[in-house]
Amino acid sequence: MGAGVLRCAYVGAAYSNGWRAAALAGARGAADRRRTYYGAAAASAAASRRRAALATARMASELPAEGLKSSATRDASSPGDVAFQTFSTQAERAQSEAQSASGADWIRRDVDGKILLKSMSLPQLERFVVQNLEEKKFRAAQLWSWMYKSSTLASSFEEMTDLSKSFRAKLAERCTIDALEVDKVHQAIDGTRKITFKLKSQSGGGIIETVLIPSDDRATLCVSSQLGCAMNCQFCFTAKMGLRRHLGVEEIVDQLVIAKRMFEHEQRISNVVYMGLGEPMHNLDNVITAVHTMTSEKGLNLSHNKITVSTSGLIPQLRRFVRECKASLAVSLNASNDEVRSWIMPINRKYNIKALMSALADEFPRRGDNAGRLQRKVFLEYIMLKDINDSLEDARNILRITAKVPCKLNLIRFNTHEGAAFQGSDDETILKFQNFLKSKGMQVTLRESRGDEAMMACGQLGKPGDLPEPPRMKVPARFQESLVAEAPSRARTEHVASA
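So, how was this worked out
- Residues numbered from 1 in each chain as written.
- Predicted model: local features only at pLDDT ≥ 70, side-chain atom pairs only at ≥ 80, totals over all residues.
- Heavy atoms only, no water.
- Helix = DSSP H or I, 4+ residues; strand = E, 2+ residues; numbered from the N terminus.
- Buried < 20%, exposed > 50% of the residue type's maximum accessible area, 1.4 Å probe, protein only.
- Axes fitted to C-alpha atoms, helices over the stretch in contact; angles between N-to-C directions.
- Parallel < 35°, antiparallel > 145°, perpendicular 65-115°, else oblique.
- Left-handed = near helix turned anticlockwise from the far one by under 90°.
- Contact = heavy atoms within 4.5 Å.
- Nonpolar A, V, L, I, M, F, W, Y, C, P; charged D, E, K, R; others polar.
- Phe/Tyr/Trp six-rings, centres within 6.5 Å; stacked < 30°, edge-to-face > 60°.
- Salt bridge = Lys/Arg side-chain N within 4 Å of Asp/Glu carboxyl O.
- Expected span 1.5 Å × (residues − 1).

So, on to unusual backbone geometry. Across the chain, the bulk of peptide bonds are trans and the bulk of non-glycine residues have phi less than zero. Between F364 and the following residue, P365, the backbone shows a cis peptide bond with an omega angle of 0°. With respect to the helices, strands and loops of the structure, P365 is situated in the loop between α12 (353–363) and β12 (378–384). With a phi angle near 50°, L153 is a residue other than glycine that sits in the positive phi range. Structurally, the position occupied by L153 is in the loop between α6 (138–148) and α7 (165–174). With relative accessibility at 4%, the residue L153 sits in the buried group. The backbone of D387 sits at a positive phi, close to 60°, despite the residue not being glycine. On the secondary structure map, D387 appears in the loop between β12 and α13 (392–401).

This is the structure in structure tokens:
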């Protein structure tokens, strides 16, 4: 079997298996979970989600994952085939672990059997306090406030001085507060910090990365939603990890809580972007719950307009997100035609540009109760790759494909990393590209790289480790001369501060 077919087989199996499992689990549990969590008022929304989940399952079933897998295994004879089999096993293991993090059991425990309080929404916490701890309902609000109010952000039960000693003792015996442990803090020359966290609460461990980006008027925290990523974007360092598992709600929220404890005395962290490790829409249940926790007026109280969730283009999940969550949406476009996008972003083989733009045209401007402050234009992200997607022809294509989509285009410099085959566009090319689009009436901004010399910038996060990397996608013939065999070495300066 040819290497190209094997690559497609791997991508099809990994995506289809992951989506099928997530969709079916969501279909089985969505209605019951949401009734429990949010009361009878959410029943109709839960039914809608159930229908969406079943639709997602049907879409996933269109890719014959098992057939692809068995065919690839049957004809395996090359190192690429061996890698495919390895990743099939990895994907199955990640699925199993992801299901344990998906919230099907609303009481989530750590490796020691203690209950992870931050895995719960406030209604869940109220239920837990009343039914499991046999305490008054108002105790849940006190506990929530201690964990999430900026003036407290408690890391131990002993800090919760307005709770009785007996209640604190009960909590300490049965529950735990933090799901993450700070590993190291790295600081770049421009003041950007990367916090590495140990995943201490679940078996298997692992390290995730969170980036704190200061600016004159605010600080933005870039959080991770998965350990690794299944999307296999060819320009992204995180993709080299593959998907290890989803993060639980508590592991997502704790990135913000601990960063606030450590650094908010310097500058208020007012913005959060879900652009770290992982594809947020692939872990959508936990991401939506985490956003709700971050925006709770009784706790962290971030504005939903200050939270942006990014996706590579999972259309069913994208639609659900827009309708259920008030946070802003950003979509990684990164190419102006299907040939290039299917190569550098394999998700395009399932949801192509036409389908993606059609979905965005349907959903924007946002409407209804979850429109937030009416996010009228979706944010499109576009990494500038030298001689790949940076020509004026590409710019014209962008105008054509987005003609019916209310959008803002955010150009991003390519941040190189070890083993990268791509090169970033030069400043002159980027400026011409930007000015051409502006001259045609498009709203275009350029995101400056932050912390790129210290592996903190967009596309640089993660640590592949010793596991084999996902297979590379076949390069279209006309672009082969545009790639480099290995990324040029760059000086990296990291100042490791005591955590």
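Turning to the packing of helix α5 (residues 122–132) against α6, a few remarks are in order. Between α5 and α6, the least distance of the axes is 8 Å, while the angle of their chain directions is 130°. Classified by the angle their axes make, α5 and α6 are oblique. Crossing of α5 against α6: the hand is right-handed. For the pair α5 and α6, contact is made by L122, L125, E126 and V129 and by R139, A140, L143, W144 and M147, respectively. Along the lines of polarity and charge, the residues of the contact of α5 with α6 split into seven nonpolar, no polar and two charged.

This next bit is on the packing of aromatic side chains. Scanning the model with the defined rule gives five aromatic pairs in all. Measuring from centroid to centroid gives 5.5 Å for W343 and F422, while their planes differ by 40°, and the two rings are tilted. One end of the pair, W343, is in helix α11 (residues 338–344); the other, F422, is in the loop between β13 (407–413) and α14 (427–439), and 79 residues separate them in sequence. The class for W343 is buried, based on a relative accessible area of 2%. Where Y382 meets F433, the ring centres are 5.6 Å apart and the plane angle is 25°; that geometry is what we call stacked. Of this pair, Y382 sits in strand β12 while F433 sits in helix α14, and the two are 51 residues apart along the sequence.

Going through the model one piece at a time under the given rule, you end up with 23 salt bridges. One salt bridge connects R108 with E251, and the closest N-O pair in it is separated by 3.9 Å. Of this pair, R108 sits in the loop between α4 (79–101) and β1 (115–116) while E251 is found in helix α8 (residues 249–263), placing the two residues 143 residues apart along the sequence. Each member of the pair, R108 as well as E251, carries the same accessibility label: buried. Among the ionic contacts, a cluster of salt bridges with common partners joins R108, R245, E250 and E251.

This brings us to helix α9 (residues 284–295). For α9, which comprises 12 residues, the first-to-last C-alpha distance of 16 Å matches the rise-based estimate of 16 Å (1.5 Å per residue) to within 8%. The buried count for α9 comes to 10 of 12 residues, which makes it a mostly enclosed element.

These results come straight from atomic positions and should not be treated as a statement about function.
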